[in-house]
Amino acid sequence: MFCLTPLFAQTVAQQIKIPIYKVNNNHYISAYEYARANQADIYFNENKKKLSIKSTQSKNIVISQNSSFIIVNEKIYHLFLPILYQNNDFLIPINAFLNTMKNISGPIGFIDTSNKHFIIYTQRTINIDDVAIKNKTNGMIIHIDTRQKFNDNIISGAISQGWLSITIPGGIIDSAKIVNAKKKYPVKRIRCIQNIESAQISFLINEDIDEFQINSSDDYININIRMNTEENIAIIKERGEKWLLDTIVIDAGHGGKDPGAVGIGGIKEKTITLDVARKLGALLEQNLGVTVIYTRDDDTFVPLYKRTRIANESNGKLFISLHANSAKKSHKASGFETYLLRPGKWDDAIEIVKRENAVIQLEADQHRYKDFTDEEHIMGSIVQNQIIKESEFLASQVQIQLDRVLNIKNRGVKQAGFHVLVGAEMPNILIELGFVSNKKDVRLLSKAQYRQKMAAAIFRAIKTYKEQYEKSVIED
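Residues numbered from 1 in each chain as written. Predicted model: local features only at pLDDT ≥ 70, side-chain atom pairs only at ≥ 80, totals over all residues. Heavy atoms only, no water.

Side note on the overall build of the protein chain
- Counting secondary structure elements, the protein chain contains 11 helices and 26 strands.
- Across the 476 residues that make up the protein chain, the buried fraction comes to 50%.
- Accessible surface computed for the protein chain: about 23500 Å², of which carbon and sulfur atoms make up 48%. (Helix = DSSP H or I, 4+ residues; strand = E, 2+ residues; numbered from the N terminus. Buried < 20%, exposed > 50% of the residue type's maximum accessible area, 1.4 Å probe, protein only. Areas by Shrake-Rupley, 256 points an atom, 1.4 Å probe, with all protein chains shown as cover.)

Structure, rendered in structure tokens:
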């Protein structure tokens, strides 16, 4: 894909670090990371296991799994070491690749002295270019000039040790101009970090921040900050820290001796859920500054009752259980859906409930579940009606966000009696990420990039929920 850059658009040279991986005493880089760093388009032929990288400099690079030959602008070159295909990514032998590209078009980058990073310089068009600080009676506004619209839903902020950090996916910053922007009290310092896929601007603030809100328009991002007001201090004292949504529990379904559903090609539910759980947890920790508790963070068997016990004992404020679906009767069944624990007619979910609850047969202490078929017992485990309402809102946000990025069926929000949700003393949902019994779903679920896309969508749903929840706590 090509685009015409306006004559007045400013560009900046960015230093991008790509990790170097050591495999069998040889050094490799990820083809996907190399493409992203160069803002290149990628085209993957799954049947032939070939990847094409098309950059804006009109270089077309074609690589193939286990082949030591590459094609650059329709000419064949020998790397002497094979290109590896691992974890749905191509690994390129960096030394041979670097020497080959030097002979074709000159240096494309260099390896740092630690042999841990391949560093390239690339020209990127600036879309974030200035900062202004405006003081108000009860706080301040940080005004960031932009050259395009950035969606509020994907901009995130976090506070740590006096630094307010704003992460803007797709942002390209004029670091020198922003760092040297005119500062007003209480902003003491400004620093910038440019990543491949996002920009981060951090402000060191000499006052305690009570709350902040981010909103954007076509040509700016505003951060509205409230600080040290008597009203906010009273609210914090009255409601206490316990009301902040600061701990999120992520439950990767199944694990260990319980593989969950085993689908086409041997793909296992436990593997999918653990990978998405880790990706989601990383996004939450990096962008929302919350504590993430995993019911399992490796291939371990955890009984159902212990999962909600972990959530309760860690004072979790949200419980997210991740699963993958399977349909024995129809391989055409496809899509994602989110479940609530609530009494009602579960006829359309009988098969999935039976399958997810069948893990009890693997547990030594099964008597604790003897009353769980009783609807009154399930309702008794739901501490208060407010939990149902908050769970419904979160579930709807998950479906909205997944629907925006996934090209499979949106099966909606449903209700069913999953034992893994029983006993959770906080809003809780169960997400079915797709069907391992469906060819299209499996093809997508097996890709790391697709699982990252799902994790990012669920993250955005949680971010929206967190903002609405904490706002309602303050305003109630």
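Some points on the confidence of the model for the protein chain
- Averaged over the protein chain, the pLDDT score is 83; the fraction of residues at 70 or greater is 81%.
- Taken together, the stretch residues 1-8 has pLDDT below 50 and engages in 5 contacts with residues farther than four places along the chain or on a different chain.
- When the criterion is pLDDT under 50, residues 345-360 qualifies, and its contacts beyond four places in sequence or with other chains add up to 44 contacts. (pLDDT = per-residue confidence, 0-100. Contact = heavy atoms within 4.5 Å.)

Observations concerning the sheet that holds strand 18 (residues 198-205)
- Within the open sheet, the 4 strands sit side by side as 15-16-18-17. Their pairing is antiparallel. Two strands close off the open sheet at either side, each with one partner strand: strand 15 (156-160) and strand 17 (187-194). Averaged over all adjacent pairs, the angle separating strand axes in this sheet is 20°, with direction ignored.
- Note that strand 15 and strand 16 (residues 163-169) share 5 bridges and pair antiparallel. Its bridge partner being in strand 16, Gly157 is matched across the sheet by Ile166.
- The strands touched by helix 5 (residues 269-288) are strand 15 and strand 16; relative to strand 15, the strand with the most contacts, the crossing angle is about 65°. (Pairing = 2+ DSSP bridges. Axes fitted to C-alpha atoms, helices over the stretch in contact; angles between N-to-C directions.)

Thoughts on the sheet that holds strand 9 (residues 84-86)
- Taken in spatial order, the 4 strands line up as 2-3-10-9 in an open sheet, and their pairing is antiparallel. The sheet is open, and its two edges are formed by strand 2 (21-23) and strand 9, each paired on a single side. Between one strand axis and the next, the sheet turns through 40° on average, direction left out of account.
- Sitting on the sheet, helix 2 (residues 94-105) touches strand 3 (26-30) and strand 10 (89-93), and the angle it makes with strand 10 is about 70°.

Remarks on the packing of aromatic side chains
- What the rule picks out here adds up to 6 aromatic pairs.
- With a centroid separation of 6.2 Å and an interplanar angle of 25°, the aromatic rings of Phe44 and Tyr85 are classed as stacked. In this pair, Phe44 is assigned in strand 4 (residues 41-45) and Tyr85 in strand 9, connecting sequence segments 41 residues apart.
- Consider the rings of Phe393 and Tyr465, whose centres lie 6.3 Å apart with planes at 35°: the pair is tilted. In this pair, Phe393 sits in helix 9 (residues 385-405) while Tyr465 sits in helix 11 (residues 448-475), placing the two residues 72 residues apart along the sequence. (Phe/Tyr/Trp six-rings, centres within 6.5 Å; stacked < 30°, edge-to-face > 60°.)

As for the nonpolar core
- By size, the foremost hydrophobic cluster in this structure holds 46 residues, and its most contacted members are Ile248, Leu284, Leu402, Ile431 and Ile462.
- Of all the elements, helix 11 adds the most residues to this core, at 11 residues.
- Residues Ile18, Ile29, Ala35 and Ile83 belong to the second largest nonpolar core, which totals 28 residues. (Core = buried A, V, L, I, M, F, W, Y, C linked by side-chain atoms within 4.5 Å.)

A word on the side chain of Arg451
- With respect to the secondary-structure elements, Arg451 resides in helix 11.
- Given the relative accessible area of 14%, Arg451 is considered buried.
- Setting aside chain neighbours within four positions, we find Arg451 in contact with Ile272, Asp275, Val276, Lys279, Leu445 and Ser446.

Observations concerning the pairing of strand 6 (residues 60-64)
- For strand 6, the buried fraction is high: 4 of the 5 residues fall into the buried class.
- Looking at chain direction, strand 5 (residues 50-54) and strand 6 are connected through 5 bridges and run antiparallel. Pairing of Lys54 across the sheet is with Asn60, part of strand 6.
- The sheet contact formed by strand 6 and strand 7 (residues 69-72) spans 2 bridges and is antiparallel. If you follow Val62 over to strand 7, its bridge partner there is Ile71.
- Once strand 6 ends, the chain turns through 4 residues before running back antiparallel as strand 7, passing Asn66 with a positive phi of about 60°.

A few points about the pattern of salt bridges
- Evaluated as defined, the whole model comprises 10 salt bridges.
- Across the pair Arg226 and Glu211 runs a salt bridge whose closest N-O atoms are separated by 3.0 Å. Within this pair, whereas Arg226 is found in strand 20 (residues 220-227), its partner Glu211 is found in strand 19 (residues 209-216), the two being separated by 15 residues in sequence.
- Across the pair Asp246 and Lys317 runs a salt bridge, and its minimum N-O distance is 3.1 Å. Here Asp246 is found in the loop between helix 4 (230-239) and strand 21 (247-252), whereas its partner Lys317 is found in the loop between helix 6 (304-313) and strand 23 (318-325), with 71 residues between them in sequence.
- When its relative accessible area of 18% is taken as the criterion, Lys317 is described as buried.
- Counted as one network, the salt bridges with shared partners bring together Asp275, Lys279 and Arg451. (Salt bridge = Lys/Arg side-chain N within 4 Å of Asp/Glu carboxyl O.)

Structural notes on helix 2
- Compared with the 16 Å implied by 1.5 Å per residue over 12 residues, the 16 Å span of helix 2 between its first and last C-alpha is a close match.
- One or two steps after helix 2, the chain reaches Gly106, where phi turns positive at roughly 90°. (Expected span 1.5 Å × (residues − 1).)

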